[in-house]
Amino acid sequence: MKHILTTLLLLVASTSFAQVKFEGVVKDSTGVALELANVIAINQETKILESYAITNDKGRYKLNLDVNSSYSIKVSYIGMQQISETVNTKEAGITKDYIMTIDNSLDEVEITYEMPVTISGDTITYNADSFKNGTERKLGDVLEKMPGVEINDDGEVEIEGKKVGKVMIDGKEFFDGDTKLATKNIPANAIDKVQVLKNYSEVGQLSGVTNNQDNIAINIKLKEGKKNFWFGTITAGAGDSSSGELYLAQPKLFYYSPKKSINFIGDLNNIGELALSRRDIFNFSGGFQQPSQQSGTNISLGSNDLGFRQLQNNQAKSINTKFGAANFSYSPKSTLDVSGFAIFASSRIELQENSAVLYTDQTLGIPDENTQSNTQQKSDLGLVKFSTKYKPNASNQLDYDILGRVSKDEQLNGTFSNVIGPIDQNEETNPYKINQNLNYYYTMDEDNIFALSIQHLLQDEDPFYNALLQNDPSNNTDADPNNRDPFDDTAQGLGLDGTQVSYDVNQQKRVKTNQVDAKVDYWNILNKKSDINFTVGTIYSNQQFDSNIFQTLDDGSELDTNTTITGLSDVNDIKYTFSDLYLGAHYRFKTGKFTISPGVSAHAYSAVNDQFSTKTTDNFFRVLPDLNVRIQLKGTETLNLSYKMQTQFTDVNQFAQGLVLNNYNSTFRGNPDLESSLAHNINLSYFSFNMFNYTNVFAFINYSKNIDNIRNVSEFQPGSVIRTSTPYNSGLDDESLSASGRFQRRFGKLQASVRGTFNYSKFNQFINSQVSVNENYSQSYTAEFRSNFREAPNFKLRYTYGLSDNDQGTRRTKIYTNAPSAEFDALIFKKFTFKTDYTYNRQTLEGNSNSFGLWNANLAYRKSSDSKWEYELKATNLLDTDSRVQNSNDAFSVSTSEYFIQPRFVTARFIYNL
């Protein structure tokens, strides 16, 4: 590693010292500086575009050129005559100003080279070939080399620190714009241009009246040879490892034409390569956004999914996946577009984890717990969506979408706890969800616009939970609690039969949701700089919650317990209805660099839960203000301030006052008297993209304050980790503060960036009747240095330092993280592509350090860049690391876990390029 770093530093030094600066100013004939003029330098010997620049607001440009070389310098600006001259460099810098004159010629201008980056309004266009060196295979490989673009650790695209919400190919949505599917599957050799569309609006009629500064989309322009033809890759591979034989098959096929597109992605493997993780798929909303999203009302429907243990960094002890996805779009005529997709995902996953848990307050008598667990997961999931857009003329547009999701999930978990003993848990669920969305937009004239949005959600969830715990029937009534089984007290409170050889406890649960969210908007454009918007809307949500706990006896019969430690039934049968009828008004006006949008909404709320023949009602009226101020400091520099007041509501799960069994060590009893909470949120963000020196800066700070938020009262059984939790309105204020920023700059073919994040949160809770104020601080800093050479090998060096400081009342813990990483790729003899990456992670908790390292590498061969066949040898986890070690904390405890991962895998792959 030391020698690699030394070599890279020498390479950087030699590159830097072998270049000279060529700089100056571009003006028009009147002496006015020209911003966004293009200046390019083409090497006369190689005929390759060597360097490029875009002038800043003062007309300045700067190029880095090789010494003792000859270049063709071309200066261009829309409406001006192109300037072209030859410049010979020596070892001293050159200063050269250019005066451009108006071009009155109608002749076609010959474009010798396209600019790598151009800006036009809110659109940044990258010429993909300018950022390729031949080692790229997928869209993500190209995007991460573009200034201002970042691929985060989850594989999602970020621009200006914001996640890209939509990816399109030639203007057609790619699986509803899912960025992860796009970055991992779209072939790099098919990409001509990448257009970043800031302030993106899906409805052209509303682009001038809605606030879209947080909306960013990417449109991929295909090369001419990739249109009206099938393109893509088909990969097959096999290998061997200590865990057995390995296989993979990955067809990825695409077809695009002006009227239709078809995409198919298939993936079958047992080497842990996930097209989408289970969490990704469940978050795959299909592009749905609630009409009331900006109304000031926030209702959380919660989740009644299984307690599926999530993968760490998409790794596990064993992963077998099947994935198939098809996407289409068709335009039978210019006024009608139809599209849709279908996704099927199946996985069989084994997870193994050992954990050591330290609870917050030893004076409460809660023992520390060590657990060893092994989990088998089975999941089969299907998603189907159909969309249509009808736009008969510029004044009318009708959109309709329907999304259906169904799954069958099972989880078998065997855990040994030094406190509870052995526990076997079985979970199953077969939920479904149907989501429909209808939008109609009508432009009456140039000053009056109407919009109707209706969304309907129908959801049915049926999780089943079973736990099997040890029991000695002879000691259930022993006076000494230390002689009784760890679960005896809980079993007695649940009303279980203690004469059985084991406690076989089960819970059935059913949650049905039927929700309508609708609104009508009217915009009146007062003049070129101001408009006013009126909104009338409603949310109506109806939920039904049913659950019961029963015991399976030794003879196979079932015992309904019908009692709990509270004396209430453990059967729930609840009907919960929520409604919100609101009126809103927003005024927007522009003055100079400022765009100011104050607004207010008035809400009539009603929340009713009906259970155990008792109806609890919460009706009230509230006015919620909001404000947005945007300052356009320069064309590519903005400052944005926003404020929101929100009313936050919970869902039916929190109201269920009958006992609910979450898992073997956690039971829950709801509170029918819960009320809403009030939240204040203020956000300040800054963004700048300087094309003169390719400096990209973004920063934001966000503060939120929740008043009377819903928190839990938790009671632990004496000497045990088993607890019962009940929600309540705390009456206290919870606060959180988060800040993040990134500075990125290019130095010729080198790029450096620094990113930092800080988070602070404070909340209140009760543990065993004692109030506990939790304060959590976390900060993370990442420095990255990378190259983007066209001919030479490229590298990326990254170092991350993190600190998590958690004050949980009587225990304070600090977790330190140090994580360096390095990536290297090279195109050798224009035939071999070599890539390797290494990551190291060390975490320190209370003086104890744990570390692990992961090393991957692959070597690919193709005869030329146009070859149909490619052969690849890929190795993952070359160091054969057994496990990852992770420290974490929650509201009650701090834990250290050893998470086992797949061993060293080596596979040979054959790739056919269509």
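Refer to the preceding data block for the structure.
By convention here, each chain's residues receive numbers from 1 onward along its written sequence. Two thresholds apply to this predicted model, a pLDDT of at least 70 for residue-level local features and 80 or more for giving and counting side-chain atom pairs, whereas whole-chain, interface and lining totals are computed over all residues. Values shown for side chains rest on all heavy atoms present in the structure; no hydrogens or waters enter the calculation.

Draft legend 1. Up close: the overall build of the protein. Each helix corresponds to a stretch of at least 4 residues labelled H or I by DSSP, and each strand to a stretch of at least 2 residues labelled E; elements are numbered beginning at the N terminus. Helix and strand content of the protein: 5 helices and 53 strands. We compute the radius of gyration from the C-alpha atoms alone; for a globule the expected value is 2.2 Å times N to the 0.38, where N is the number of residues. The C-alpha atoms of the protein give a radius of gyration of 30 Å, which matches the 29 Å a tight globule of 914 residues would have. Dimensions of the protein, computed from C-alpha atoms along their principal axes, come out at roughly 100 × 65 × 55 Å. Counting over 914 residues, the protein shows a buried share of 51%. Contacts were defined at the residue level, with two residues in contact if any of their heavy atoms lie within 4.5 Å. In the protein, the share of contacts with a sequence separation of at least 24, taken over all contacts with a separation of at least 6, comes to 66%. A 1.4 Å probe and the Shrake-Rupley method give the accessible areas. Residues count as covered only by the protein chains that appear here. By element, 53% of the accessible surface of the protein is carried by carbon and sulfur atoms, the whole surface being about 41000 Å². Here the protein holds 87 positive side-chain charges and 107 negative ones, and the gap between their average locations is 10 Å. Exposure classes here rest on a 1.4 Å probe applied to the protein chains alone. A residue is buried below 20% of its type maximum, exposed above 50%, and partly exposed in between. The charge count treats Lys and Arg as positive and Asp and Glu as negative. His and the chain ends do not count. For this purpose, a charge sits on NZ of Lys, CZ of Arg, CG of Asp or CD of Glu.

Draft legend 2. Representation of the side chain of Asn413. Inspection of the secondary structure assignment puts Asn413 in strand S25 (residues 396-417). Engagement of the side chain of Asn413 in a polar contact is seen with the side chain of Thr375, the distance being 2.8 Å. Any N or O atom pair separated by 3.5 Å or less is treated as a polar contact, with the protein-specific requirement of one donor-capable and one acceptor-capable atom, and with residues adjacent in sequence counted only for side-chain atom pairs.

Draft legend 3. Representation of empty space enclosed by the protein within the structure. Any residue with an atom within 4 Å of a point lines the site, the site being either a cavity, points on a 1 Å grid over the protein atoms alone where a 1.4 Å probe fits but cannot get out, or a pocket, an open set with protein on both sides within 12 Å along at least 5 of 7 lines. Grid points are joined across faces, edges and corners, and a volume is the space filled by probe spheres set on the points. With the rule as written, the count across this model stands at 6 cavities of 30 Å³ or more. Around the second largest cavity, the lining residues are Gln294, Ser295, Gly296, Ser601, Leu624, Pro625, Asp626, Lys644 and Met645. Residue assignment for the lining of the second largest cavity shows that the elements contributing at least two residues are strand S35 (614-634) and strand S36 (637-649). In terms of residues, the lining of the second largest cavity owes the most to one element, S35, which gives 3 residues.

Draft legend 4. Seen up close, the packing of aromatic side chains. The rule is short: rings of Phe, Tyr and Trp, with Trp giving its six-membered ring, pair when the centres are within 6.5 Å, and they are stacked under 30 degrees, edge-to-face over 60, tilted in between. Counted according to the given criterion, the structure contains 26 aromatic pairs. Arranged with centres 4.5 Å apart and planes meeting at 55 degrees, the rings of Phe578 and Phe649 form a pair that is tilted. You can see Phe578 sitting in strand S33 (residues 572-591) and its partner Phe649 sitting in strand S36, a full 71 residues away along the chain. Neither residue differs from the other here; Phe578 and Phe649 are each classed as buried. Here the aromatic rings of Tyr605 and Phe620 are separated by 5.1 Å at their centres, their planes lie at 40 degrees, and the arrangement is tilted. In this pair, Tyr605 sits in strand S34 (residues 594-611) while Phe620 sits in strand S35, placing the two residues 15 residues apart along the sequence.

Draft legend 5. Region of the structure containing the pattern of salt bridges. By salt bridge we mean one thing: a side-chain nitrogen of Lys or Arg within 4 Å of a carboxyl oxygen of Asp or Glu. For the coordinates displayed, the defined rule picks out 28 salt bridges. In this structure, the salt-bridge partner of Glu136 is Lys145, at a minimum N-O distance of 2.4 Å. There is no split in this pair, since Glu136 and Lys145 are both buried. A salt bridge links Lys796 to Glu823; the nearest nitrogen and oxygen atoms lie 3.5 Å apart. One end of the pair, Lys796, is in strand S46 (residues 794-807); the other, Glu823, is in strand S47 (residues 812-828), with 27 residues separating them in the sequence. For Lys796, a relative accessible area of 11% gives the class buried. In this structure Glu823 comes out as partly exposed when scored by relative accessible area, which is 36%. One salt-bridge network, in which partners are shared between bridges, spans Glu150, Glu158, Arg742 and Arg755.

Draft legend 6. Quick peek at a nonpolar patch on the surface. Each patch groups residues whose relative accessible area exceeds 30% and which form no salt bridge, using 9 Å between like charges and 5 Å between nonpolar side chains of Val, Leu, Ile, Met, Phe, Trp and Tyr. On the surface, a cluster of nonpolar side chains totalling about 540 Å² of accessible area is made up of Ile828, Phe829, Phe832, Leu859, Leu873 and Val906. Relative to the elements of secondary structure, Phe832 occurs in strand S48 (residues 832-845).

Draft legend 7. Examining the pairing of strand S20 (residues 260-269) more closely. The sheet contact formed by strand S19 (residues 244-256) and S20 spans 7 bridges and is antiparallel. Bridge pairing in S20 links Tyr256 to Ser261. At least two DSSP bridges between two strands are required for those strands to pair. Counting the residues in the hairpin turn of S19 and S20 gives 3 residues. Bridging between S20 and strand S22 (residues 318-333) involves 10 bridges; their strand directions are antiparallel. The residue bridging Phe264 from the neighbouring strand is Ala326, located in S22.

Draft legend 8. Layout of the sheet that holds strand S3 (residues 49-54). Spatial strand order, S3-S2-S5-S6: 4 strands in an open sheet with antiparallel pairing. Single-partner strands in this sheet number two, and they are S3 and strand S6 (83-88). Averaged over all pairs of adjacent strands, the angle between strand axes in this sheet comes to 20 degrees, irrespective of strand direction. With 6 bridges joining them, strand S5 (residues 70-76) and S6 adopt antiparallel strand pairing. Note on definitions: angles span 0 to 180 degrees between N-to-C directions of axes, and those axes are lines fitted to C-alpha atoms, for helices only across the stretch in contact.

Draft legend 9. The sheet that holds strand S15 (residues 172-173), seen in detail. One open sheet accounts for 6 strands, arranged S9-S10-S16-S17-S14-S15; its pairing is mixed. With partners counted over all chains shown, the strands left at the sheet margins are strand S9 (117-120) and S15, one partner each. Here S9 runs beside strand S10 (residues 123-127); their pairing, made up of 4 bridges, is antiparallel. Each bridged residue has a counterpart across the sheet, and for Ile119 the counterpart in S10 is Ile124.

Draft legend 10. The arrangement of the environment of Ile42 in detail. Looking at the element boundaries, Ile42 is found in strand S2 (residues 38-43). Relative accessible area serves as the criterion here: at 5%, Ile42 is assigned to the buried category. Placed 30 residues apart in sequence, Ile42 and Ser72 show a C-alpha to C-alpha distance of 5.1 Å.

Draft legend 11. Expanded view of the environment of Leu398. Tracing the backbone through its elements, the reader meets Leu398 in strand S25. In this structure the C-alpha to C-alpha distance between Leu398 and Leu358, which are 40 residues apart in sequence, comes to 56 Å.

Draft legend 12. A look at unusual backbone geometry. Phi is positive for Lys830, close to 60 degrees, though the residue is something other than glycine. Checked against the element boundaries, Lys830 lands in the loop between S47 and S48. You will see that Asn877, though not glycine, has its phi angle at about 55 degrees, which is positive. Structurally, the position occupied by Asn877 is in the loop between strand S50 (869-876) and strand S51 (883-889). Its relative accessible area of 5% is what places Asn877 among the buried residues.

Draft legend 13. Here's a closer look at the side chain of Thr833. Here Thr833 shows up in strand S48. In terms of polar contacts, Thr833 uses its side chain to reach the side chain of Arg137, at 3.0 Å.

Draft legend 14. Here's a closer look at the nonpolar core. Counting 57 residues, the largest nonpolar core has Tyr126, Met146, Phe174 and Phe323 as the members making the most contacts within it. Leave out the neighbours within four places in its chain, and Met146 touches Tyr126, Ala128, Phe131, Val194 and Arg746. As used here, the term nonpolar core means buried Ala, Val, Leu, Ile, Met, Phe, Trp, Tyr and Cys residues forming a set that is joined through side-chain atoms within 4.5 Å. In this structure, Ile420, Phe716, Val721 and Phe892 belong to the second largest nonpolar core, which totals 24 residues.

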